[in-house]
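Remarks on the overall topology
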Amino acid sequence: MIEPPGADQLRRPSYTVADAGRLVGLGADRVRRWLRGYQYSYLDAVRGQPPVVLQGRGAASPHASFLDLVDLLFVKRFLDHGVSLQKIRRALDEAREVLGTSHFARQTFFADGGAIFLRLKERAHRGRGDSILELMSGGQWVIAPVIRQLARQIDFGSPEGLATRWHPLGRERPVVLDPMVSFGAPSIAGRGVKTINIHDLYVAEGESLESVRAWWGLTDTEIRAAVEFERQLAA
């Protein structure tokens, strides 16, 4: 498959384990296990669990790519909705077979909030759908609210449909993670100024909007969004 310009940047290892965890709301140890898998000893035998996120990243890389980050975000949200890690792995296994993709950072999973489920449900009628279908609870798709929520935050490339930007506060707010800008660090859309730099200057200047405006030429809305975002990460 021919990938769009910039696809290398989408897969470039850009985020430390600690930074990835901070951005998606996970501990660094969990991020490391989900990215690299782990081994443990049990009854004198060495056992292990494979990575949850498989992006073709170099096995020795201690960092996450932008696509890894989006996948981690998906998995975290699914867990928050009561979906077990085992079921998420099985869902990805089936999606790999049905859709030819092994990760969530692709628009196929969003197709108007339901197409992916319909396709997998058709497979279930032939005895192949014990993954996504097990995500049902009380007759409702517990996965659908996650997709609707994330659909308001993520931009996708075309025609391949890879995730290209994440708007963590929603598209109506100016904070964005774009792997083509500031090496994927959270920044202000169209400005390229990192939110952490805005926040630090805001604090250093006694929380003066005027000082930050004068330094970077940002609007009050952009400054407040950056400060809000960084404070959420620190909470």
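Residues numbered from 1 in each chain as written. Predicted model: local features only at pLDDT ≥ 70, side-chain atom pairs only at ≥ 80, totals over all residues. Heavy atoms only, no water.

1. Considering the nonpolar core
It is characteristic of soluble globular proteins that their nonpolar side chains tend to be buried jointly. Stated formally: The set of buried Ala, Val, Leu, Ile, Met, Phe, Trp, Tyr and Cys residues whose side-chain atoms join them within 4.5 Å is what this entry labels a nonpolar core. Only protein chains enter the area calculation, which uses a 1.4 Å probe; residues under 20% of their type maximum are buried, those over 50% are exposed, and those in between are partly exposed. Every helix listed is a DSSP run of H or I at least four residues long, and every strand listed is a run of E at least two residues long, numbered separately from the N terminus.
If you look at the biggest cluster of nonpolar residues, it comprises 51 residues, and the most contacted ones within it are Phe 66 and Trp 166. With nine residues, the single largest contributor to this core is helix α4 (residues 66-80).

2. Observations concerning helix α2 (residues 17-24)
Cut-off, in case you're wondering: Of all possible arcs, the one meant is that of the directions from the helix axis to the C-beta atoms. Should any heavy atoms of two residues lie within 4.5 Å, those residues are considered in contact.
Burial in α2 covers these residues: Val 17, Ala 20, Gly 21, Leu 23 and Val 24. Looking straight down α2, one finds that the buried residues subtend no more than 165° of arc, so they occupy a single side. On its buried side, α2 packs onto β1 (15-16), α3 (28-36), β4 (63-64), α4, β8 (163-166) and α10 (220-234). Gly 25, located one to two residues past α2, shows a positive phi value of around 85°.

3. Considerations on the pattern of salt bridges
Heads up, the rule is: Salt bridges are defined by distance alone: a side-chain nitrogen of Lys or Arg within 4 Å of a carboxyl oxygen of Asp or Glu.
Summed over all chains, the structure comprises ten salt bridges. Notably, a salt bridge pairs Glu 230 with Arg 22, separated by 3.7 Å at the nearest N-O pair. Of this pair, Glu 230 sits in helix α10 while Arg 22 sits in helix α2; the two residues are 208 residues apart in sequence, bridging distant segments of the chain. By relative accessible area, which is 5% here, Glu 230 ends up buried. With its nearest N and O atoms 3.2 Å apart, the salt bridge here joins Arg 191 to Glu 222. Of the two residues, Arg 191 is situated in the loop between β10 (187-188) and α8 (195-204) and Glu 222 in helix α10; the sequence distance between them amounts to 31 residues. Of the residues examined, Arg 191 reaches a relative accessible area of 39% and is grouped as partly exposed. On the accessibility criterion, Glu 222 (10% relative accessible area) is buried. Because the salt bridges share partners, they merge into one network encompassing Asp 155, Arg 165, Arg 171 and Asp 178.

4. So, the side chain of Asp 155
Quick reminder of the rule: Counting of polar contacts relies on pairs of N or O atoms within 3.5 Å, with two restrictions inside protein: one atom must be capable of donating a hydrogen and the other of accepting it, and residues adjacent in sequence are counted only when both atoms are side-chain atoms.
With respect to the secondary-structure elements, Asp 155 resides in strand β7 (residues 154-156). Among the polar contacts listed, one links the side chain of Asp 155 to the side chain of Arg 171, at a separation of 2.7 Å. The residues touching Asp 155, leaving out its near neighbours within four places in the chain, are Leu 162, Ala 163, Thr 164, Arg 165, His 167 and Arg 171.

5. Thoughts on the confidence of the model for the protein chain
Here is the rule: Confidence of the predictor in every single residue is expressed as pLDDT, which spans 0 to 100.
In the predicted model, the protein chain carries a mean pLDDT of 78, and the fraction of residues at 70 or more is 68%. pLDDT under 50 marks residues 1-5. Its contacts with residues more than four places away, or in other chains, come to eight contacts. A low-confidence stretch, residues 112-116 stays under pLDDT 50, and its non-local contacts, those more than four residues away or across chains, total four contacts.

6. Section: the side chain of Arg 77
So the rule is basically this: All tallies of charge rest on Lys and Arg as positive and Asp and Glu as negative; His and the ends of each chain are not included.
Mapping Arg 77 onto the fold places it in helix α4. Despite being buried, Arg 77 has no salt bridge partner; Asp 80 is the closest side chain of opposite charge, sitting 5.1 Å away. Setting aside chain neighbours within four positions, we find Arg 77 in contact with Val 146, Gln 149, Leu 150 and Gln 153.

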